[in-house]
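Structural characterization, general
If you want the building blocks of each chain, they are given just below.
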Amino acid sequence: MKYKPQEIEPKWQRFWEKNDFYKAEDFSDNPKKYILIEFPYPSGQGLHVGHCRSYSALDAIARKKRMEGFNVLFPIGWDAFGLPTENYAIKTGIHPQVATEKNVLNYKRQLKSLGLSFDWSREINTTDPKYYKWTQWIFLKLFENDLAYQAEIPINWCPSCRIGLANEEVIDGRCERCRTKVSQKELKQWMLRITKYADRLIEDLDKVDYWENIKSQQKDWIGRSYGVEINFKVENSKKEVKVFTTRADTIFGVTALVLAPEHPLTKTLIAKDRLSEVKKYIKESQDKTEFERTKLEKEKTGVFTGSYCINPINNEKVPVWVGDYVVATYGGGAVMVVPAHDKRDYEFAKRYGLEIREVVKGGDISKQAFVESGTLVNSGQFNGLSSKKAIEKINKWLEKNNVGTKKVQYKLRDWVFSRQHYWGEPIPIVHCQSCGAIPVPEKDLPVKLPYVEKYKPTETGESPLAAITKWVDTKCPECGGPGKRETDTMPNWAGSNWYYVRYCDPKNEKELVDKKKAGYWMPVDWYNGGMEHTTLHLLYSRFIYKFLFDIGVVPQSEPYQKRTSHGMVLAEDGRKMSKSFGNVLNPDDIVREYGADTLRAYEMFMGPFDQTISWNSQGVKGVYRFLDRVWNLTLECTKNKNSAKKTVKAIHKLNKKIQEDMEVVKFNTAIAAFMEFINFCFENKKDIGKDTIQRMLILLAPFVPHITEELWHYLGNKDSVHNQPWPKYDSGLVKEEIITFIIQVNGRVRDKVEVKADISEKEASDLTLSREKIKKRIGEKEIKKIIFVPGKLINIVI
RNA sequence: GCCCUCGUGGCGGAAAUGGAAUACGCGCAACGCUUAGGACGUUGUCCCGCAAGGGUUGCAGGUUCAAAUCCUGCCGAGGGCACCA
């Protein structure tokens, strides 16, 4: 009998499905485990081998947890709104909904062919009105709680296509489609006040078990810094310029202020004789795109307004400039210029001949800015203090004299939540001339996306929905007068913000989720996804979950207990898989040639789970060979009744290794351990009994579910290998009785000897000193020290 | 520029806590089985050396009885942020 995965795999897949093997049970008596993968975007390209990598790995975890007696929820769904499908529709004329349905079917077939143990009864789809009803409901709640608001903000605008572009559509400052330079256009947008949650999003990271690099990326993205806002009075005026700084210790070094061109005070501070020059500068910088202003990072330019401010600490007169290197949206859009101690200010001062005054000792300011901490000089009563002390004292002084306030600043900005596209959730708002923006009443949800023929954005930059007057024109829910529907749709993130909650209760038509069910399943115990989602998706969904907690929908404030990330799978040539390179690998082909088990095991074996790795088709063959050997070994060893003692020891050691490696996401070494064990079995065929084979099959089952199920039944078992309890290893059997003891001289390995594991220091040193090799080494030299590491080695220092 | 991760054979990569560097797989070589090829099996495979022996974890130092692992500096790769005051 030969190993033919193509025959056995579909057979068992049907068997598991027919018998509802992987259904999660609400409120079971067993402890729950919620294992989650990021639900895929069903693109036209079909499943990527990268999906297979992380799904197989988490599937193995889910299967093991079931065997350990947990009630496991391992769900799947579709994140199906978004641009790729809309663009595909524009190109081909196939409606996004039709394309989505087709793609979902294909993905489903592919995922099922891998033998992943998803609970398909909980399948969700973000484009299903029954689902996005609740996405819209969340928006209404945000609006009700003043966390959703409208604001005029600049968006990326392609003057040639006359459409607004998402950041993803802007490549190197140009329109992805026509390569025209993108400019900025002010448009009214819906925004979410995520900044209100900034502190909680940082602090609550202490409660969860994410990989450290993930935590630090979240923190960096939020970018909290503590400082002080200082008021600089405008000379001969009642106006004040507020600047934020984290370096109050350098305040005596201020030789100018610079305002962003967009700063509200800028225009009012221009002296008459400088009007035309300054206005010209402001206009020029506004014509620049955000890309030019930030990415080019070239010369820092600016222009003097003709006005002066007063430095509150020493009453010095400092000139006020306008410069577009100052970020308008951060810290109030104004900075104090301390050329001696800030690189950008140094550059700016050099260019325009501003004074560079040293106030912190430690560097050579004639060459470059000294940005580190040091001791204060030229700073009046604060001379001699360390930077740290000085910041404290100066902050106090500023507060006491009412010219400064301690302040916390964030890099995080409020979240632009509207898109001028068709394929997304309609924002459930009606605009009324007399009542303003009015939420659609809850009973009228969902606001269904109308079925249209044209999805192209309009000339004005509005969403394609704006052209459907029949849909747009409606009644104001407040006064009953004429109203117009909001035509912007929500971004792709909207549906993925909360989908993991819906899995707990996917068919509920009355509520987003039943509170008891959420209470039972949440939080997600283990969430794995791509590194590219560790900032945005993770942060956004944590924010929304916290909000749902605040309004009493869910029982805790953090959605994910543990978060891990997988590395990308590159093509064999080391590049990203892409149609244009012609190096895309279709998992279907691997399944057809080698079977799903080989694909799964290979992707876990190929390297460390969190690292990016190139595909290697030879490596796939190696894994196939290994499974073939598992097959042959099982067939050959059924006649042996009992296993020899060394075999029993080996299988228990394997048991321990697999147990440990799976918990710490080391799938590659787990598979390697299986290979080693199989090699051992082939060398000791006579000593391998059925009991050993069975235990090995159970351990292997989470990784390669089909072959193990087939062999399990071949051995005469009537039930499923996947319903076996996870075996426990005997720690007594795992211990080595005889070890290879290492003998070092001056830290170099000079000899090895087999001894019993619990050899004492005295026995070990006696043994060592009696060895010929060692005697020769030591010769006449004096032994200074003997270091003994029990069960490991001895080191003679001479 | 800042932050994070990492640098080990021809290749992908192993080495909890500092304690045998190179597990496992690929590739390669020889042999066996085969008419042959493939598949399979057995053996070998870090470098120098006939050997005894010596050397080796990007480079240069340091700590230690002992360093791939800890510390300092440099070089290189990947990722994130990017004029954030």
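Residues numbered from 1 in each chain as written. Chains lettered and ligands numbered in written order. Predicted model: local features only at pLDDT ≥ 70, side-chain atom pairs only at ≥ 80, totals over all residues. Heavy atoms only, no water.

**Here's the deal with the overall build of chain A**
Within chain A, the secondary structure is distributed over 26 helices and 32 strands. Reported as C-alpha extents along the three principal axes, the dimensions of chain A are approximately 100 × 85 × 50 Å. For chain A, buried positions account for 54% of its 798 residues. Taking contacts inside chain A between residues at least 6 apart in sequence as the whole, the part at least 24 apart equals 72%. Here chain A displays about 37,200 Å² of accessible surface, and carbon together with sulfur accounts for 50% of that area. The averaged location of the 106 negative side-chain charges in chain A is 2 Å from the averaged location of its 126 positive side-chain charges. (Helix = DSSP H or I, 4+ residues; strand = E, 2+ residues; numbered from the N terminus. Buried < 20%, exposed > 50% of the residue type's maximum accessible area, 1.4 Å probe, protein only. Contact = heavy atoms within 4.5 Å. Areas by Shrake-Rupley, 256 points an atom, 1.4 Å probe, with all protein chains shown as cover. Lys, Arg positive; Asp, Glu negative; His and termini not counted. Charge placed at Lys NZ, Arg CZ, Asp CG, Glu CD.)

**Let's talk about the protein's contact with RNA strand B**
The environment of RNA strand B is made up of 51 residues, and the closest members are T245, K300, R344, K666 and N795. Each atom of RNA strand B within 4 Å of the protein belongs either to a base or to sugar and phosphate, the latter forming 61%. Take K300: an N or O atom from its side chain is 2.5 Å from a base oxygen of RNA strand B. One of the side-chain N or O atoms of N679 is found 3.1 Å from a phosphate oxygen in RNA strand B. Among the elements that make up the surface near RNA strand B, the one with the highest residue count is helix α21 (residues 667-683) (six residues). Broken down by class, the residue content of the surface near RNA strand B amounts to 19 nonpolar, 15 polar and 17 charged. (Near = heavy atom within 4 Å. Polar contact = N/O pair within 3.5 Å; in protein donor to acceptor, adjacent residues only side chain to side chain. Nonpolar A, V, L, I, M, F, W, Y, C, P; charged D, E, K, R; others polar.)

**Focus: the pattern of salt bridges**
Oppositely charged side chains can pair when the atoms bearing their charge come close. The tally for this structure, following the rule as stated, stands at 49 salt bridges. In this structure, D26 and R122 form a salt bridge, with 2.9 Å as the shortest nitrogen-oxygen distance. Taken as a pair, D26 in the loop between α1 (5-18) and β1 (32-37) and R122 in the loop between α4 (96-113) and β4 (124-125) lie far apart in primary sequence, 96 residues in all. In this structure, the salt-bridge partner of K656 is E660, at a minimum N-O distance of 3.3 Å. Remark: E660 and K656 occur in helix α20 (residues 645-663); sequence separation between them is four residues, near one turn of the helix. The partly exposed category is assigned to K656, whose relative accessible area is 26%. By relative accessible area, which is 38% here, E660 ends up partly exposed. One continuous salt-bridge network, built from bridges that share partners, spans D26, D119, R122, D505 and K517. (Salt bridge = Lys/Arg side-chain N within 4 Å of Asp/Glu carboxyl O.)

**A short note on the sheet that holds strand β6 (residues 163-165)**
Strand order across the open sheet formed by four strands is β6-β5-β9-β20, with antiparallel pairing between neighbours. Both outer strands of the open sheet, β6 and β20 (415-416), are each paired with one neighbouring strand and no more. Relative to β6, strand β5 (residues 148-158) runs antiparallel, the two sharing three bridges. Bridge assignment links C158 to a residue of β6, and that residue is I163. (Pairing = 2+ DSSP bridges.)

**Examining a positive patch on the surface**
Among the surface-exposed residues, R748, R750, K752, K773, K776, R777 and K781 lie close enough to one another that they form a single positively charged patch. Residue assignment for the positive patch shows that the elements contributing at least two residues are β30 (748-756) and α26 (772-778). Residue placement: K752 occurs in strand β30. Residue K752 is classed as exposed on the basis of its relative accessible area of 52%. (Patch = residues over 30% accessible without salt bridge, like charges linked within 9 Å, V, L, I, M, F, W, Y side chains within 5 Å.)

**Some details on the pairing of β5**
When you tally the buried positions in β5, you get eight out of eleven residues, the bulk of the element. Sheet analysis places β5 next to strand β9 (residues 183-192), joined by ten bridges and oriented antiparallel. Among the inter-strand pairings, A148 is bridged to a residue of β9, identified as L192. Here β5 folds back onto β6, and the loop between the two strands holds four residues, one of which, R162, carries a positive phi near 55 degrees.

**Describing the packing of aromatic side chains**
Counted under the stated rule, the structure contains 46 aromatic pairs. Taking 6.2 Å as the distance between ring centres and 80 degrees as the angle between the ring planes, the aromatic pair formed by Y55 and F118 counts as edge-to-face. Of this pair, Y55 sits in helix α2 (residues 49-67) while F118 sits in the loop between α4 and β4, and the two are 63 residues apart along the sequence. Y55 gets classed as buried once you look at its relative accessible area, which sits at 3%. (Phe/Tyr/Trp six-rings, centres within 6.5 Å; stacked < 30°, edge-to-face > 60°.)

**Remarks on the sheet that holds strand β25 (residues 526-530)**
Spatially, five strands are ordered β2-β1-β25-β26-β10 in an open sheet, and the strand pairing comes out parallel. Among the strands making up the open sheet, the edge pair consists of β2 (71-73) and β10 (209-210). When β1 meets β2, the two strands line up parallel, connected through three bridges. Bridge pairing in β2 places K33 opposite V72. Strand contacts of α2: β1, β2, β25 and β26 (562-566), with the helix running at about 175 degrees to β1, the strand carrying the most contacts. (Axes fitted to C-alpha atoms, helices over the stretch in contact; angles between N-to-C directions.)

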